[in-house]
Amino acid sequence: MTPCCAGHPLARGGVDSVAEVFGGRSVDVMMDALFIGIDGGGTHCRARIRDRDGRLIGEGRGGPANVRLGPERVMASILAAARDAAKAGNLSEDAFPHMHAGLGLAGAAQSKPLAELKARPHPFASVSVDTDAYAAWLGATQGAEGAILILGTGSCGFTVVRGVRHSVGGYGSIVSDGGSGAVIGREGIRRAVLAFDELGPRSALTDALLGAYGNSAEAVVDWADAATPGDFAAHTPTILAHALSGDPVATAIVTAAAHDADALITRLVALGAPTVALLGGLAGPMMPWLSPLSRHHIVAPITDAIDGAILMARQHAQPLGDVAPLQDDLSPGTRP
């Protein structure tokens, strides 16, 4: 698939015409178009705007954009990130009707919250929405063979083999998401409470985590009742730092997380992916903890999930005009 970012074939004129990219639409229609990609997760979302030649216009950030958080909150985060990116490129919101948007959002495989988001109005020329995993895969592979494993607030493996999608994990930290920041953080808090009751080993890590809540198990419970996956994930840097210093509790937590990540990689390879691009905020920190066999399959991504979302927008751009409804593109076939 043709890359969409500057320095890649599309930016260098690697296709015959803009009409080729947009399925034969008039070049004049797309001449002034802009493309914005949104990579939305449970902690924050990132936005990037490029022009029709792939030149970077601006980048920005917004709040959490996991579809499960509700359409109002998610759309507010998307628009905040879009405004931030537009401001960085010296653009106003008046440019939004000229932007074709690609949204790669965590939780977009859940049909009910996705339908609620699609019902929300938006200011863009057109919108294509898909999972964050698909956007990340498209950016990392440019549509070629290979898989991605996202290790961030949540975790998810994804590949497309012979036109069929395969998603592994990614069901949320309550029932899934091994190797993720949310699960690592939750396990750290759990171990800290166990240490408080002398049901598990005490260490510098458990002392540090309990200390953040005044050494009160009751305060931990009050916090946990309202905590989001991102709140739990916020403890992961502390856990990783203690693991690197040899803390036994932290080491056990991170080792278990690495085993979960190894299992995801093994499954992706078994599905037919020859390589796996490791993505997300924990990709670097977790790499040394992975097994040698897992590291053998790891490759660098070609581009990131935001440029993958921009490529989604380019592929599904519509002529400028009335505000378009959100368009979802969950093909090729999505696993039930």
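Source: prediction; values computed, not measured.

Caption draft 1: Inspection of the environment of Thr141 at higher detail. When you line up the elements, Thr141 lands in helix 5 (residues 132-141). Overall, Thr141 belongs to the buried group, its relative accessible area being 8%. Measuring from C-alpha to C-alpha, the distance between Thr141 and Thr275 comes to 9.8 Å, with 134 residues separating the pair along the chain. Ignoring any residue separated from it by four or fewer positions in sequence, one finds Thr141 in contact with Gly146 and Ile302. A distance of 2.8 Å separates a polar atom in the side chain of Thr141 from the backbone oxygen of Trp137.

Caption draft 2: Inspection of a nonpolar patch on the surface at higher detail. There is a patch of nonpolar side chains on the surface, built from Tyr171, Ile174 and Val175 and spanning about 390 Å² of accessible area. Counting through the fold element by element, Ile174 comes out in the loop between strand 8 (164-168) and helix 6 (181-196).

Caption draft 3: Highlighting helix 5. Here helix 5 lies mainly inside the structure; 10 of its 10 residues are buried. Within the sequence span of helix 5, burial applies to Asp132, Ala133, Tyr134, Ala135, Ala136, Trp137, Leu138, Gly139, Ala140 and Thr141.

Caption draft 4: Structural context of the pattern of salt bridges. Counted under the stated rule, the structure contains 14 salt bridges. The closest approach of N and O atoms between Arg48 and Glu59, which form a salt bridge, is 2.6 Å. Note that Arg48 is positioned in strand 2 (residues 45-51) and Glu59 in strand 3 (residues 56-62), a separation of 11 residues in sequence. Judged by its relative accessible area of 40%, Glu59 falls in the partly exposed class. For Arg48, the salt bridge identified is with Asp304, shortest N-O distance 2.8 Å. Residue Arg48 is located in strand 2, and its partner Asp304 is located in the loop between strand 10 (298-299) and helix 14 (305-315); the two are separated by 256 residues in the primary sequence. Among the residues examined, Arg48 registers a relative accessible area of 8% and is labelled buried. One continuous salt-bridge network, built from bridges that share partners, spans Arg48, Arg50, Glu59, Asp304 and Asp307.

Caption draft 5: Highlighting helix 14. Along helix 14, 10 of the 11 residues are buried, which leaves the element largely enclosed by surrounding structure. Buried within helix 14 are the following residues: Ala305, Ile306, Asp307, Gly308, Ala309, Ile310, Leu311, Met312, Ala313 and Arg314. Here helix 14 starts with a cap whose side-chain oxygen sits 3.2 Å from the backbone nitrogen of Ile306, and that cap is Asp304.

Caption draft 6: Region of the structure containing the packing of helix 5 against helix 14. In the contact formed by helix 5 and helix 14, the axes pass within 7 Å of each other and the chain directions differ by 95 degrees. Taken as axis vectors, helix 5 and helix 14 run roughly perpendicular relative to one another. Contacts from Tyr134, Ala135, Ala136, Leu138 and Gly139 of helix 5 reach helix 14 at Ala305, Gly308, Ala309, Leu311, Met312 and Gln315. The residue inventory of the contact of helix 5 with helix 14, partitioned by class, reads 8 nonpolar, 3 polar and no charged.

Caption draft 7: Spotlight on the packing of helix 6 against helix 11 (residues 248-270). Between helix 6 and helix 11, the least distance of the axes is 10 Å, while the angle of their chain directions is 145 degrees. Crossing hand, helix 6 versus helix 11: right-handed. For the pair helix 6 and helix 11, the contacting residues are Ile184, Glu187, Gly188 and Arg191 in the first and Val249, Ala252, Ile253 and Ala257 in the second. Across the contact of helix 6 with helix 11, the residue classes break down as 5 nonpolar, 1 polar and 2 charged.

Caption draft 8: Fine view of the sheet that holds strand 9 (residues 276-279). The strand order 8-7-6-9-10 describes an open sheet built from 5 strands, whose pairing is mixed. The open sheet has two edge strands, strand 8 and strand 10, and neither has a second partner. In this sheet, strand 10 lies alongside strand 9 in parallel orientation, the contact comprising 2 bridges. Bridged to Val276 within strand 10 is Ile298. Strands strand 6 (147-151), strand 7 (155-161), strand 8 and strand 9 of the sheet are contacted by helix 5, whose axis makes an angle of about 125 degrees with strand 6.

Caption draft 9: Representation of the packing of aromatic side chains within the structure. For the structure on display, the rule yields 6 aromatic pairs. Judged by centre distance (6.2 Å) and plane angle (80 degrees), the ring pair of Tyr134 and Phe158 falls under edge-to-face. Of the two residues, Tyr134 sits in helix 5 while Phe158 sits in strand 7, which places them 24 residues apart along the sequence. Both residues of the pair, Tyr134 and Phe158, count as buried.

Caption draft 10: Broad picture of the nonpolar core. Membership of the largest hydrophobic core comes to 36 residues, with the highest contact counts inside it found for Leu149 and Met286. Residue assignment for this core shows that the elements contributing at least two residues are strand 6, helix 6, helix 7 (204-211), helix 10 (236-244), helix 11, strand 9 and helix 12 (283-286). When residues of this core are assigned to their parent elements, the largest contribution, 10 residues, is made by helix 11. Excluding residues that lie within four positions of it along the chain, Leu149 makes contacts with Cys156, Gly157, Ala261, Leu264, Ile265, Leu268, Val276, Ala277, Leu278 and Leu279. Judged by nonpolar contacts, the second largest core, of 28 residues, contains Cys45, Ala65, Leu114 and Phe124.

Calculation criteria
- Residues numbered from 1 in each chain as written.
- Predicted model: local features only at pLDDT ≥ 70, side-chain atom pairs only at ≥ 80, totals over all residues.
- Heavy atoms only, no water.
- Helix = DSSP H or I, 4+ residues; strand = E, 2+ residues; numbered from the N terminus.
- Buried < 20%, exposed > 50% of the residue type's maximum accessible area, 1.4 Å probe, protein only.
- Contact = heavy atoms within 4.5 Å.
- Polar contact = N/O pair within 3.5 Å; in protein donor to acceptor, adjacent residues only side chain to side chain.
- Patch = residues over 30% accessible without salt bridge, like charges linked within 9 Å, V, L, I, M, F, W, Y side chains within 5 Å.
- Areas by Shrake-Rupley, 256 points an atom, 1.4 Å probe, with all protein chains shown as cover.
- Salt bridge = Lys/Arg side-chain N within 4 Å of Asp/Glu carboxyl O.
- Axes fitted to C-alpha atoms, helices over the stretch in contact; angles between N-to-C directions.
- Parallel < 35°, antiparallel > 145°, perpendicular 65-115°, else oblique.
- Nonpolar A, V, L, I, M, F, W, Y, C, P; charged D, E, K, R; others polar.
- Left-handed = near helix turned anticlockwise from the far one by under 90°.
- Pairing = 2+ DSSP bridges.
- Phe/Tyr/Trp six-rings, centres within 6.5 Å; stacked < 30°, edge-to-face > 60°.
- Core = buried A, V, L, I, M, F, W, Y, C linked by side-chain atoms within 4.5 Å.

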